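# A structural walkthrough
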Amino acid sequence: MAHLPASPAAAVSTGHRVSPSPRSCPSLPQLKTTVPSSIGAAAGPPWRSWRGVAAVATAATGSDKAAATGTIANANEVPVLSLSEVAERLDTFHASGARNQNYMAMYSSIFGGITTDPSAMVIPIDDHMVHRGHGVFDTAAIMDGHLYELEQHLDRFLRSALMAKIPLPFDRSTIRSILIQTASASNCTQGSLRYWLSVGPGDFQLSSSGCANPALYAVVIESPSLLVPSCCKVVTSSIPIKSPQFAVMKSVNYLPNALTKVEGEENGAFTGIWLDDEGFVAEGSNMNVGFVTKSKELLMPCFDKILSGCTARRVLTLAEHLVAHGKLSGVISRNVSVQEGKMADEMMLIGSGILVKPVVQWDDQIIGSGQEGPIAQALYDLILEDMKSGPPSVRIPVPY
């Protein structure tokens, strides 16, 4: 997302307005056309299109500056832009293809509504989530017009906010309603819903005491097709793992995670694998790790020092079907040594973005037969089927 040091009035929704209320959650009403100040929208006149506001501002000042179509390369000729020129350049940036994902809708409590215009999907540069990393996030997949495991992800989201000392801008039911309405406004039937809680904008200080209100953001990203799971290689990461206090919360401070992923790619691997402070297997850069032991147990590291993956926990539940059919002897979570992991019959990465991805090589060690194992494929099929036709506890229909 682009970051603009704009006032709330500069970031006005061009899509439907949302009027969340704790009472609206059970029936999930249609999107409203007004934005009450109670959900965090700045006080002021009725909202208009941000380009409409920009056009009025331009007309009032009589500016005859034309927005450039490209990036200014000469540092001695950096222009001072009007709001309308910024809007036009953001449109040009979006049309350039620099973004490689389809952003279908965004909610922001800063402007108190939903926009379906990707160029308007901005957040204030002085939001402490941007310059201090004081924010948390989570994701729910959208499959066949249903939000998958929204409740489970939302529970973790709110736990992370509590651990990060971020007060909630709304209660849980209102946040839930906002997220569902954002998915509805997007008209996206397959993709993902990402959402963030921040201590909010206000200044560039370290303390959040200058932030008047916490901020909630959500974005729907369209993904027309799921990636077919392919075998991969992983390497042991040299990047220090986050301490348990920070590893168990899903904060926006993902620099160690990003460096672990980059390190893996630099070594011809898919990602890196972290070890904990005792040398046991911890997790991947943004996914959990699973093994199939010689005795046919599905084995995962304990979640006490790492992020409790919603997809990983669901896989542990679904794996009981394989136990019932004799394909697994059991399902267990405990400490896993590197040696035991590398000697396993199967190894896999598990996460909402990849579902179940088989690992056939860890560092120089070939895992099992060096081919995708039957359990990894069976677990992938189970989680995919669960996303498509699982129980109401994991699938919430989006009211388009």
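Structural data are supplied above this passage.
No experiment lies behind these values; they were computed from the predicted model shown. (Residues numbered from 1 in each chain as written. Predicted model: local features only at pLDDT ≥ 70, side-chain atom pairs only at ≥ 80, totals over all residues. Heavy atoms only, no water.)

Let us now look at the overall build of the protein chain. Scanning the protein chain for helices and strands turns up eleven helices and 18 strands. Taken over 400 residues, the protein chain has a buried fraction of 50%. Of all intrachain contacts in the protein chain linking residues separated by at least 6 positions in sequence, the fraction that spans at least 24 positions is 71%. Only carbon and sulfur atoms are counted for the fraction: they give 55% of the accessible area of the protein chain, which is about 18,100 Å². (Helix = DSSP H or I, 4+ residues; strand = E, 2+ residues; numbered from the N terminus. Buried < 20%, exposed > 50% of the residue type's maximum accessible area, 1.4 Å probe, protein only. Contact = heavy atoms within 4.5 Å. Areas by Shrake-Rupley, 256 points an atom, 1.4 Å probe, with all protein chains shown as cover.)

Once that is clear, we can look at the environment of T236. Inspection of the secondary structure assignment puts T236 in strand β9 (residues 232-236). Here T236 falls in the partly exposed class, since its relative accessible area comes to 29%. Taking C-alpha positions, T236 is 5.4 Å from G272, a pair spaced 36 residues apart along the chain. Discounting residues that sit within four places of it in the chain, T236 has contacts with I273, L275, W362 and D363. There is a polar contact of 3.0 Å between the side chain of T236 and the side chain of W362. At 2.7 Å, the side chain of T236 and the side chain of D363 are in polar contact. (Polar contact = N/O pair within 3.5 Å; in protein donor to acceptor, adjacent residues only side chain to side chain.)

Right, let's talk about the pairing of strand β8 (residues 215-222) for a bit. Summarising burial for β8: seven of the eight residues are buried, a large majority. Across six bridges, strand β2 (residues 102-108) lies against β8 in antiparallel orientation. Following the sheet pairing, Y107 is matched in β8 by A218. As paired elements, strand β7 (residues 191-198) and β8 share eight bridges and run antiparallel to each other. Across the sheet, R194 pairs through a bridge with V219, a residue of β8. (Pairing = 2+ DSSP bridges.)

Right, let's talk about the side chain of E149 for a bit. Locating E149 in the fold gives a position in the loop between β6 (146-148) and α4 (150-163). For the buried E149, which has no salt bridge, the nearest side chain bearing the opposite charge is R314, at an N-O separation of 4.8 Å. Ignoring anything within four residues of it in the chain, the contact list for E149 reads C310, T311, R314 and V394. (Lys, Arg positive; Asp, Glu negative; His and termini not counted. Salt bridge = Lys/Arg side-chain N within 4 Å of Asp/Glu carboxyl O.)

On to the sheet that holds β2, then. For sheets, the rule is that strands pair by backbone hydrogen bonds, running either parallel or antiparallel. Spatial ordering of the open sheet is given by β3-β2-β8-β7-β5-β6-β18, a layout of seven strands whose pairing is antiparallel. Of all strands in the sheet, those bounded by a partner on one side alone are β3 (113-115) and β18 (395-397). Taking each pair of neighbouring strands and ignoring which way they run, the sheet shows an average axis angle of 25°. Alignment of strand β5 (residues 135-143) against β7, held across eight bridges, turns out to be antiparallel. Bridge assignment links V136 to a residue of β7, and that residue is L197. (Axes fitted to C-alpha atoms, helices over the stretch in contact; angles between N-to-C directions.)

We now examine unusual backbone geometry. Residues other than glycine seldom take positive phi values, yet N187 does so here, at roughly 60°. Checked against the element boundaries, N187 lands in the loop between α5 (172-186) and β7. Of the residues examined, N187 reaches a relative accessible area of 57% and is grouped as exposed. With a phi close to 65°, K296 is a non-glycine residue in the positive phi region. By relative accessible area, K296 is classed as partly exposed at 38%.

As for its placement among the helices and strands, Q181 is situated in helix α5. Given a relative accessible area of 5%, Q181 falls into the buried group. Spatially, the C-alpha atoms of Q181 and A105 are 10.0 Å apart, while their sequence positions differ by 76 residues.

Within the secondary structure, S119 is located in the loop between β3 and β4 (122-124). Taking relative accessible area as the criterion, S119 reaches 4% and is therefore assigned buried. At 2.7 Å, the side chain of S119 forms a polar contact with the side chain of D91.

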